[in-house]
Amino acid sequence: MEQLELLELLNEMTIDEKIGQLVQLTPDFFSEGGEITGPMQKWNLESEKLYQIGSILGTHTSEQVYSIQQDYLKKSRLSIPLIFMADVIHGYETIFPIPLALAATFDEAIVEKMAELSAKEATEAGIHVTFSPMADYVKDARWGRVLESNGEDVTLSNALTKAYVKGYQGEDLSKDKNRLASCVKHFIGYGAAEGGRDYNTVDLSDIEIAQNYLPPFEAAIDAGAELVMTSFNTVHGIPSTANTSLIQKILRKQLNFKGVVISDWAAVVELIAHRVAEDKKEAALLAFSAGIDMDMMSDSYLSNLKEIINNKNKEKLDEAVLRILNLKNKLGLFEDPYRGLTKKEFDKNKNLRISACEIAEKCSVLLKNENILPLIKNQKVALIGPKAKSRDILGAWSWIGDKEEAVSLSDGLQKKDIELSVLGFQDGRELSDKNIKKAVRLAEGQDIVILAVGETSQETGEAASLTNINLTRNQEKLIMEVSKVNKNIVLVLFNGRPVELSSIECFVKGILVAWFPGTEGGHALANLLMGEANPQGKLPMSFPRAVGQLPYTYAHLSTGRPQNEENKNQKYISRYMDEETTPLYPFGFGLSYSDFELQDIKFSKKKFKGNESISIDVTVKNKNMNSGSTVIQLYSQDIVTTVARPVRELKKWIKIDLLGHDEKRISFSLTERDLRYVHPNLKSKVDSGKFNLYLGFDSLDAKIIGTVEYHESN
Ligand code: NOJ
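All values reported here derive from a predicted model rather than from experimental measurement. (Residues numbered from 1 in each chain as written. Predicted model: local features only at pLDDT ≥ 70, side-chain atom pairs only at ≥ 80, totals over all residues. Heavy atoms only, no water.)

## Comments concerning the packing of aromatic side chains
No. 1: Taken as a whole and judged by the stated rule, the model has 18 aromatic pairs.
No. 2: Ring geometry for Tyr199 and Phe232: centres 5.3 Å apart, planes at 85 degrees, overall edge-to-face. Remark: Phe232 occurs in the loop between β6 (227-230) and β7 (234-235) and Tyr199 occurs in the loop between β5 (181-187) and α9 (206-222); sequence separation between them is 33 residues.
No. 3: For Phe232, a relative accessible area of 9% puts it in the buried group. (Phe/Tyr/Trp six-rings, centres within 6.5 Å; stacked < 30°, edge-to-face > 60°. Helix = DSSP H or I, 4+ residues; strand = E, 2+ residues; numbered from the N terminus. Buried < 20%, exposed > 50% of the residue type's maximum accessible area, 1.4 Å probe, protein only.)

Okay, structure coming up:
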């Protein structure tokens, strides 16, 4: 549709029809024949209003989308098609590893591919928009939603957030019907919930917001994300959903966002619970005035906005409606309201499943390996634990994915050339002493014991905050008891967050982090355990020694009393009395069956100015016969700064594949842009001065390789 036609359509709309466009409801409002039931009745909605709403979220099948759209188009006066949105977070039906696991690849191409493949499956089921990526900066593993994040590093998150948007949206949404519009969320600060408790208070400084929280949103918007979702939390004391300065000054003006702003689920009506609005009418007024275009799952707009609209804000209403019509138009819905829909064909998932397996192989992180992995052909192996046979490996956001279709670790290992015995338990916390005794009996006399332990999908994701992030007591007991009869233990950990492993790590010789690996998890893990695939994942979030270290990031600011080798055990320095300050496994860490080494580091120059760049060349060598991949990481430390800055921060990384005994020369390039930081006036710039550079295979291991000097001009 041409822009002029859209404006004509807008002119034809009544005020009720305009308000309707700003409303998003679930499909259960649409029962056969528009009969008033359930929440509709509770909200006192007339059925006429239902045929004016703009959007539906959370449909399950293409048939459902088809019948709702058909019914709606028949009964609504102007036949403006509904736009269907859903949480397609790491796959639709075929489930890929969780986003935190995908971040462990340090690989934009993989994330982009995952997003493209999920978009195809979702659009075939009639979805137009995904509520992904989640660009929230996180450093507190107690918060269950770290599962959906890119981890604790903002530069990595910028790159991956962009990759999600590119993968979902492709080049042109109007031409490619297998692409989804992307909604980046949650704007802003959601990951900083106090105490790691979901939906809790957030209070952040402007510098912190500008430095760490905004950039991934900026990256998504630059990549063309069509929607932004506001967060549940407060920012500067005001809930984001009612925060005018956040939406108008920062999102619209500073980030130049032109697309649709949608609230999170019921967040408009929740302004009442926040106690910033007295009733739904005030809630609607606050959210609308702040700039929320679409009210997700509340009747605040639908039932109250009409009373609020007057001559002063009429234009604002038109602008919001036009943004939504524009999005529908961009997706080609006026020409084809059934965009992308197909009838299911049996076995169409085959190729997707191959990709899901390949991707899952690249996400696992090998944390420990004392000459125990890979397994050797014909070894006697016992696979034991609550996750041994479990198909609860999809993760918290896999609501369309079918657990029964998932490949368990036991399914995967059954196909391998080993002598396998399996003892699986129910998922959850019911690992009884009797079962532990059984496990001990089985473990005796085996060459290797694989203990498959971890979290259930219920314990991770939204509304799954924890005060303890260790394994449950009975799982820890299982490990300790088994270790009394067999020392050759490999732990395979299924998790949506960093897990505290301090008390059990010493009882095992190998640890493989599987995360929630998705539909093909069991195949991928079996390939890794057998050495048919080589682990290459790197932690996108540090695994702390103790929950008390949280929130934690390797990129913490320099303090006035830093701990170092000399003052390590003294008092009155920034440290804990009962624990080390470093994590157990740091950001960027992950082992491989290959053995990589860096050699012959050369700087193109050590001083640079203006927009010059410097390059740092290094040879990466694989010292053994196993082909593998690794990530070489370049960190910097700005030596003297205007505001306190991180002790070190990731600037660049290069992922390379090397054959056995092979080597490659790689080159990092650094410019002034890479060294900028946010100053007290909230502008990003670099100061002239010196920078220490560190190179290595993780945030702790990276060794100083030299100091470079930058000058703004001659
Ligand atoms: C609430 C979650 O916070 C958000 O991430 C999600 O997209 C919406 N629900 C819709 O399901």
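## Some thoughts on a negative patch on the surface
No. 1: A cluster of acidic residues, Glu2, Glu5, Glu8, Glu12 and Glu335, forms a negative patch at the surface.
No. 2: Mapping Glu2 onto the fold places it in the segment before α1 (3-12). (Patch = residues over 30% accessible without salt bridge, like charges linked within 9 Å, V, L, I, M, F, W, Y side chains within 5 Å. Areas by Shrake-Rupley, 256 points an atom, 1.4 Å probe, with all protein chains shown as cover. Salt bridge = Lys/Arg side-chain N within 4 Å of Asp/Glu carboxyl O. Lys, Arg positive; Asp, Glu negative; His and termini not counted. Charge placed at Lys NZ, Arg CZ, Asp CG, Glu CD.)

## Describing the site of the ligand
No. 1: Around the ligand lies a shell formed by Leu57, Asp87, Phe131, Arg145, Lys185, His186, Met229, Phe232, Asp264, Trp265, Met296 and Glu462.
No. 2: Interatomic distance of 2.4 Å between a side-chain N/O atom of Asp87 and an oxygen atom of the ligand.
No. 3: Contacts to the ligand include His186, whose side-chain N or O atom sits 2.7 Å from an oxygen atom.
No. 4: Calculation on the ligand without its partners gives an accessible area of 300 Å², and the protein chains cover 94% of this total. (Near = heavy atom within 4 Å. Polar contact = N/O pair within 3.5 Å; in protein donor to acceptor, adjacent residues only side chain to side chain.)

## As for a positive patch on the surface
No. 1: On the surface, Lys434, Lys437, Lys438 and Arg441 cluster together into a positively charged patch.
No. 2: With respect to the secondary-structure elements, Lys437 resides in helix α17 (residues 433-443).
No. 3: In this structure Lys437 comes out as exposed when scored by relative accessible area, which is 56%.

## What about helix α18 (residues 473-485)?
No. 1: Taking 1.5 Å as the rise per residue, α18 with 13 residues should run 18 Å; its terminal C-alpha atoms sit 19 Å apart, in good agreement.
No. 2: Those residues of α18 that are buried are in contact with β12 (380-385), α17, β14 (448-454) and β15 (489-494). (Expected span 1.5 Å × (residues − 1). Contact = heavy atoms within 4.5 Å.)

## Here we look at the pairing of β5
No. 1: In terms of residue burial, β5 counts as a mostly covered element, since seven of its seven residues are buried.
No. 2: Sheet topology note: the strand β4 (residues 129-130)/β5 ladder contains two bridges and is parallel. What sits directly across from Thr130, in β5, is Ser182.
No. 3: A crossover connection joins β4 to the parallel β5 through helix α8 (residues 154-169); in handedness this β-α-β unit is right-handed. (Pairing = 2+ DSSP bridges. Right-handed = clockwise from strand over helix to strand, strands pointing away.)

## Regarding the packing of helix α12 (residues 280-290) against helix α13 (residues 300-308)
No. 1: It is the contact of α12 with α13, at a shortest axis distance of 8 Å, that shows an interaxial angle of 80 degrees. Between α12 and α13, the angle is such that the two are roughly perpendicular. Residue-level contacts link Lys280, Lys281, Ala284, Leu285, Ala287 and Phe288 of α12 to Ser300, Tyr301, Asn304, Leu305, Glu307 and Ile308 of α13.
No. 2: In terms of residue class, the contact of α12 with α13 is made up of seven nonpolar, two polar and three charged. (Axes fitted to C-alpha atoms, helices over the stretch in contact; angles between N-to-C directions. Parallel < 35°, antiparallel > 145°, perpendicular 65-115°, else oblique. Nonpolar A, V, L, I, M, F, W, Y, C, P; charged D, E, K, R; others polar.)

## Remarks on empty space enclosed by the protein
No. 1: Counted according to the given criterion, the structure contains five cavities of 30 Å³ or more.
No. 2: If you add up the space inside the largest cavity, you get close to 40 Å³.
No. 3: What lines the largest cavity is simply Asp16, Ile19, Lys49, Gln52, Leu302 and Lys306.
No. 4: For the lining of the largest cavity, the secondary-structure elements that each account for two or more residues are α2 (15-21) and α13. (1 Å grid on protein atoms, 1.4 Å probe; cavity = no way out; pocket = protein on both sides within 12 Å on 5 of 7 lines; lining within 4 Å. Points joined across faces, edges and corners; volume = space filled by probe spheres on them.)

## Digging into the sheet that holds strand β19 (residues 613-622)
No. 1: Ordered in space as β17-β19-β22, the three strands form an open sheet in which the pairing is antiparallel. Every other strand in the sheet has two partners, leaving β17 (596-603) and β22 (663-671) as the edge strands with one partner each. Pairwise comparison of adjacent strand axes, ignoring direction, gives a mean angle of 25 degrees for this sheet.
No. 2: Sheet analysis places β19 next to β22, joined by nine bridges and oriented antiparallel. Residue pairing in the sheet places Lys621 in a bridge with Glu663 of β22.

## Remarks on the pattern of salt bridges
No. 1: In the structure shown here, the tally under the stated rule is 44 salt bridges.
No. 2: Between Asp299 and Lys280 there is a salt bridge; the shortest N-O distance is 2.8 Å. In this pair, Asp299 is assigned in the loop between β10 (295-296) and α13 and Lys280 in helix α12, connecting sequence segments 19 residues apart.
No. 3: With relative accessibility at 3%, the residue Asp299 sits in the buried group.
No. 4: Residue Arg676 pairs with Glu672 through a salt bridge whose shortest N-O separation is 2.6 Å.
No. 5: Residue classification places Arg676 among the partly exposed residues on the basis of a relative accessible area of 28%.
No. 6: Taken together, the salt bridges that share partners define one network made up of Glu116, Asp176 and Arg179.

## Here's the deal with the pairing of strand β16 (residues 510-513)
No. 1: Residues of β16 alternate between two faces, with Gly510 and Leu512 on one and Ile511 and Val513 on the opposite face, all of them buried.
No. 2: In terms of strand pairing, strand β11 (residues 365-369) meets β16 through four bridges, oriented antiparallel. Among the inter-strand pairings, Lys368 is bridged to a residue of β16, identified as Ile511.
No. 3: Relative to β16, β15 is paired through four bridges, and the arrangement is parallel. Bridge assignment links Leu491 to a residue of β16, and that residue is Ile511.

## Structural notes on the domain arrangement of the protein chain
No. 1: Splitting the protein chain by domain gives domain 1 (351-542) and domain 2 (596-711).
No. 2: Across the boundary between the two partners, domain 1 contributes four residues, which contact nine residues of domain 2.
No. 3: Ranking the residues of domain 1 by area buried against domain 2 places Asn534, Gln536 and Lys538 at the top, with a combined share of 93%.
No. 4: Counting every contact that joins domain 1 to domain 2 gives zero salt bridges.
No. 5: If you look at where domain 1 meets domain 2, you find three residue pairs in polar contact (both at pLDDT 80 or more). (Domains from an automatic or database assignment. Buried area = accessible area lost by both parts, 1.4 Å probe.)

## Structural notes on the environment of Lys571
No. 1: Locating Lys571 in the fold gives a position in the loop between α19 (521-530) and β17.
No. 2: Taking relative accessible area as the criterion, Lys571 reaches 52% and is therefore assigned exposed.
No. 3: Spatially, the C-alpha atoms of Lys571 and Ser503 are 26 Å apart, while their sequence positions differ by 68 residues.

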